[in-house]
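Remarks on the overall topology
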Amino acid sequence: MSQEQLNTHTLDMKDVFAKFNTSEAGLDTKEALERTQKWGANTLPMASPKPAWRRFLGQLNSVLLYVLIVSAVVSALLQHYIDSGVILAVVIINAIMGFIQEGKAEDALRAIMTMTKTHCMVVREGILQTIDSAQLVAGDVVMLQAGDRVPADIRLFFCKELRCDESALTGEAQPATKRIGALPEHTPLAEQKNTVFMGTMVTYGQARGVVTHTGSNTQMGQISDLVVNVKLEPTPLQQQLGRFAGQVTIGIIVVSIITMVLGILIHNYPFSDMLQAAIGVAVASIPEGLPAVVTIVLAIGVQRMAKNNALVRRLPAVEVLGSVDVICSDKTGTLTANAMTAREVYTGGQHLKVSGEGYGPDGSVADHSTGKSLGFDSDTVFSQACDAAMLCNDASVVEENHKWILHGDPTEGALLVLAKKHGLNESVLNREWPRVDMLPFESEKRYMATLHHHSDGAVKLMVKGAPERIINYAKYQLTPDGMAEINQAQWQQVAEDYAKKGMRVMALAMKSYDAPPGVLSHQEAEHDLVMLALVGISDPPRPQAIASIKMCHRAGIRVKMITGDGPVTAAAIGEELGLNISRVMTGQDIDALTQVQLVRAVEQTDIFARTSPANKLQLVAALQHNKHVVAMTGDGVNDAPALKKANVGVAMGAKGTDAAKDAADFVLTDDNFTTIVKAVSEGRTVYDNILKSIIFLLPTSLAEALVIIAAVLLGWMMPITPAQILWVNMVTAITLAIALAFEASEKNIMEKPPRPFGQGLLSFALVVRTVLVGGLGALVVFSLFNEFRNQGASIEYSRTIAVNALVLIEVFYLFNCRYLTQSIFHRDFFVGSKLLWLAAAVVIAIQIVFTYLPISQTVFGLENIGIQDWGVIILATLPVMLIVEIEKWLQRQLRQAL
């Protein structure tokens, strides 16, 4: 029987042994080798990286570049070798820039492989031995103990207080307590207590079990398959630029053919001359600098985000953040601290609220009704409860590199930190009340007890455990007025209230002795106890996350919480975070829906509990089906497929697994949900700056194309050559456009809704401006060229005038583009535009060198021009900037009128 067909958590152990033809003595070496040959090694398949040559050729996969390549080939056939060489150089430069920026290949599987590579203790032929976990096969018997990483999916047949940290797989913050015995068929993964899973960690206890699934058949392997099968969708900007490139290409081809045909029919020009003219139109119409400028704008956004603790792994994702309208967030470690924390305490007469998060002692304990903080008083009921919490405890917390690290069980850690917040010193208390005996926690008994002797002869028994057990064992309760008979109904009601809030409840009790008992026994610990306190423990929301969710709602961004926790816990945390809790869906609910039903349900639900990796993937796909741009946050292996599927995957850097980081587009170094909001703001700024760059570049290309078309139709000589056009597009235009990449965010950028899905790059108003500036530019360049030709200037001299006029139009128009609608004529024009002034100065300096340098004159067909002619160029081009400002004013007036 193949491994993937086995649902082993439903079987009795004798059936498991029979299925795999094994026993507690394990397999023999020969059988293990045969099974390895049959099922393969216990490893996950590695994704082969894309070869460098394929990555480089992938940069040429653009219809605009295809037009340039064809133009270069045709120019070479017509023996215009300089033009051909310049065009090819532009294509290669673009490809190199894209190749460098692409970054390292996807390696989520490699990360998972690193996580699971380990050694394990296995029983072969009745002998316990250590082997590489890759050599494990189904049917092997494995021994596990605290600190081990589970090497495969294993069905347990012996279990001694085993607890496993499965948060990376299931999203559960609390370690899972394991036991033996068959379970129902539809038991969720997080509740399969009789099985341990590859890649999880044993935090406590010992166990033995039979390997049931190895390699790609494990739960971890199924996640890796989901990662592999996720198809990366192009970003909204890539889609828009792709559509734009296709439209431009069609337009270029049509206009070039029409220009060539009309030139032949009207003026009887030679076919070769018109073919070269068509190439000129094509080269002029293509904004060659656009890919480079977009890359530079994105790279600047990357640097800004890095300063705000967001590391970018995939460049195009920077812009996508600006259009995100749904954030699907994992709960544990993202919206919450991923640290079990005491939240509420009941002492029998007082309800207390505990502040602070994580395992650090920062925080306080206050009366729930008055809000007044408790001072330290060793005689209060709460102080004695803290004594029990600290003494009946095997955990420890230490500060390492300014971070508090837990060693031991998270629940015990929460109780220990509670006592520290009250001011207790662990070493002092343990010296005052040394432990002399103990009863360790057992799943059957569900409590732990410790016996302590004081130096003055006093003896105390401290007990902590499940409230339903401890309350029944208690006869008394301690009150501020002294000992009283216990009100069990009251204590049970408080325990139920805490549980309804999604908290894990621990009971603390004690017993005092005049003389120490002979031997500490369970019988001694199970009667006449004095109830001290109930402690509600949970993984609390980050305070910053609550504020950030409010900001997301103001920015038109919905936040959905997707977690492996149960629905009660998820709803309780969701309510604290400010999410809609009117409906909570579980993974089983999702599995029961059709695709159509899920697409509807996902719009009405903000909290999803008990979800599997496949469920998370389904939810992201359903939201994308509804035309949402989705960001997914997470830190576990179980989040990797959805991180890759989402439009933007955001992994946690500090507590996140390598698999999550390598499947994501962003990594947050501070694991702070607030950083995502800052990144969204930066993403919106990046998009605005890209749009400004496009609005700057397009009119130049349009002006160049119109100049050539007009020259052909009028039967005049072309004012500019393809090589000169490429100089303007790839050098001066890019240099100027880069300045726009540094523009700061607009005011109230996070008060505006996200961009609508599928919205085009250019609005009608911006198309009008492009045509206006392109037409004015063509008119100025064409007029100057013909004026100088009519005055007897050489064609090279006149073309030099035309090229420099085109560049100065760009310089003046650059300042118009700083604001898409606002006027530039205010104080900030001179004070806040330092980079624009610098870029303008650099381009003018480059253009002067370009004009007078002998080698550029030879390559590009230029001549020296006089000083007075520069004045003519300035007077002819400056009005373009003024006309654009008038057009802005008219658009503002029109919007106000509407």
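Residues numbered from 1 in each chain as written. Predicted model: local features only at pLDDT ≥ 70, side-chain atom pairs only at ≥ 80, totals over all residues. Heavy atoms only, no water.

1. Topic: the overall build of the protein chain
- Of regular secondary structure, the protein chain possesses 34 helices and 27 strands.
- Taking all 898 residues of the protein chain together, 55% fall into the buried category.
- Counting only contacts in the protein chain whose residues sit at least 6 apart along the sequence, the fraction spanning at least 24 positions is 72%.
- Summing over all exposed atoms, the protein chain offers an accessible surface of approximately 37200 Å²; the carbon and sulfur share of this is 58%. (Helix = DSSP H or I, 4+ residues; strand = E, 2+ residues; numbered from the N terminus. Buried < 20%, exposed > 50% of the residue type's maximum accessible area, 1.4 Å probe, protein only. Contact = heavy atoms within 4.5 Å. Areas by Shrake-Rupley, 256 points an atom, 1.4 Å probe, with all protein chains shown as cover.)

2. Regarding the side chain of arginine 124
- Structurally, the position occupied by arginine 124 is in strand S1 (residues 119–124).
- The class of arginine 124 is buried, set by a relative accessible area of 8%.
- There is a polar contact of 3.2 Å between the side chain of arginine 124 and the backbone oxygen of glutamine 135.
- Apart from the residues lying within four places of it in its own chain, the contact partners of arginine 124 are Ala25, Leu27, Ala32, Gln129, Ile131, Gln135, Leu136 and Asp140. (Polar contact = N/O pair within 3.5 Å; in protein donor to acceptor, adjacent residues only side chain to side chain.)

3. Description of unusual backbone geometry
- The backbone of asparagine 309 sits at a positive phi, close to 70 degrees, despite the residue not being glycine.
- Turning to its location among the elements, asparagine 309 is positioned in the loop between helix H11 (290–307) and strand S8 (310–312).
- Look at asparagine 309 and you get partly exposed, because its relative accessible area is 32%.
- A positive phi angle is found at arginine 610, which is not glycine, with a value near 50 degrees.

4. Side note on the pattern of salt bridges
- Overall, the coordinates contain 24 salt bridges when judged by the stated rule.
- Salt-bridge contacts for glutamate 682 lead to arginine 304; the nearest nitrogen and oxygen are separated by 3.4 Å. Highlighted residues: glutamate 682 in helix H27 (residues 673–714) and arginine 304 in helix H11, separated in sequence by 378 residues.
- Judged by relative accessible area, glutamate 682 falls into the buried class, the value being 11%.
- Between glutamate 603 and arginine 558 there is a salt bridge whose closest N-O contact spans 3.4 Å. Taken together, the residues glutamate 603 in helix H23 (residues 595–604) and arginine 558 in strand S22 (residues 558–562) connect sequence positions 45 residues apart.
- The partly exposed category is assigned to glutamate 603, whose relative accessible area is 27%. (Salt bridge = Lys/Arg side-chain N within 4 Å of Asp/Glu carboxyl O.)

5. So, helix H24 (residues 613–625)
- Here H24 contains 13 residues, and its C-alpha end-to-end distance of 18 Å stays within 8% of the 18 Å for a straight helix at 1.5 Å per residue.
- Of all the residues in H24, the buried ones are Pro613, Asn615, Lys616, Leu617, Leu619, Val620, Ala622, Leu623 and Gln624.
- After H24 finishes, the residue lysine 627 shows a positive phi value of roughly 70 degrees. (Expected span 1.5 Å × (residues − 1).)

6. Remarks on the environment of asparagine 638
- Looking at where asparagine 638 falls in the secondary structure, it is placed in the loop between strand S25 (630–634) and helix H25 (640–645).
- A residue is classified by how much of its surface remains accessible, and asparagine 638, at 1% relative accessible area, is buried.
- Spatially, the C-alpha atoms of asparagine 638 and isoleucine 223 are 6.7 Å apart, while their sequence positions differ by 415 residues.

7. Observations regarding a nonpolar patch on the surface
- A surface patch of nonpolar side chains, about 540 Å² in accessible area, is lined by Ile253, Ile257, Val261, Leu265, Ile266 and Leu713.
- For the nonpolar patch, the leading source of residues is helix H9 (residues 236–267), giving 5 residues.
- For isoleucine 257, the location among the structural elements is in helix H9.
- When its relative accessible area of 43% is taken as the criterion, isoleucine 257 is described as partly exposed. (Patch = residues over 30% accessible without salt bridge, like charges linked within 9 Å, V, L, I, M, F, W, Y side chains within 5 Å.)

8. Section: the pairing of strand S2 (residues 127–132)
- Pairing geometry for S1 and S2, over 6 bridges, is antiparallel. Among the inter-strand pairings, arginine 124 is bridged to a residue of S2, identified as isoleucine 127.
- The loop that links S1 with its antiparallel partner S2 comprises 2 residues; one of these, glutamate 125, has a positive phi angle of about 55 degrees. (Pairing = 2+ DSSP bridges.)

9. Side note on the sheet that holds strand S27 (residues 666–668)
- Taking strand neighbours across the sheet as the criterion, the 8 strands line up as S8-S27-S26-S25-S9-S22-S24-S23 in an open arrangement whose pairing is mixed. Lying at the two open borders of the sheet, with one neighbouring strand each, are S8 and strand S23 (584–586). Mean inter-strand twist for the sheet, computed between neighbouring axes without regard to direction, equals 20 degrees.
- Where strand S9 (residues 326–330) meets S22, 5 bridges bridge the pair, whose relative direction is parallel. Bridge assignment links aspartate 330 to a residue of S22, and that residue is isoleucine 562.
- Strand contacts of H27: S8, S9, S22, S25, strand S26 (648–652) and S27, with the helix running at about 160 degrees to S9, the strand carrying the most contacts. (Axes fitted to C-alpha atoms, helices over the stretch in contact; angles between N-to-C directions.)

10. Let's talk about the nonpolar core
- With 119 residues, the main nonpolar core has Phe666, Phe673 and Phe696 as its most contacted residues.
- Once residues lying within four places of it in the same chain are set aside, the contact partners of phenylalanine 666 are Met305, Leu311, Val312, Ala317, Val318, Leu321, Val648, Gly649, Val650 and Ala651.
- Formed by 42 residues, the second largest nonpolar core is a distinct cluster that contains Tyr359, Ala385, Ala414 and Leu418. (Core = buried A, V, L, I, M, F, W, Y, C linked by side-chain atoms within 4.5 Å.)

11. With respect to the packing of H27 against helix H28 (residues 722–740)
- Closest axis-to-axis distance for the H27/H28 pair is 10 Å, and the angle between their directions is 160 degrees. Here H28 runs roughly antiparallel to H27, going by the angle between their axes. At the point where H27 passes H28, the crossing takes the right-handed sense. Contacts between H27 and H28 pair Asn689, Lys692, Ser693, Phe696, Leu697, Thr700, Ser701, Glu704 and Ile708 from the former with Ile725, Val728, Asn729, Ala733, Leu736, Ala737 and Leu740 from the latter.
- Here the contact of H27 with H28 is composed, by residue class, of 9 nonpolar, 5 polar and 2 charged. (Parallel < 35°, antiparallel > 145°, perpendicular 65-115°, else oblique. Left-handed = near helix turned anticlockwise from the far one by under 90°. Nonpolar A, V, L, I, M, F, W, Y, C, P; charged D, E, K, R; others polar.)

12. Digging into the packing of aromatic side chains
- This model, assessed by the stated rule, comprises 10 aromatic pairs.
- Note on phenylalanine 696 and tyrosine 813: the rings are 6.1 Å apart at their centroids and 15 degrees apart in plane angle, and the pair reads as stacked. With phenylalanine 696 in helix H27 and tyrosine 813 in helix H30 (residues 795–816), this pair connects stretches of sequence that are 117 residues apart. Comparing phenylalanine 696 with tyrosine 813 shows no difference in burial state: the two are buried.
- Ring pairs connect the aromatic residues Trp727, Phe850 and Phe860, which therefore count as one cluster. (Phe/Tyr/Trp six-rings, centres within 6.5 Å; stacked < 30°, edge-to-face > 60°.)

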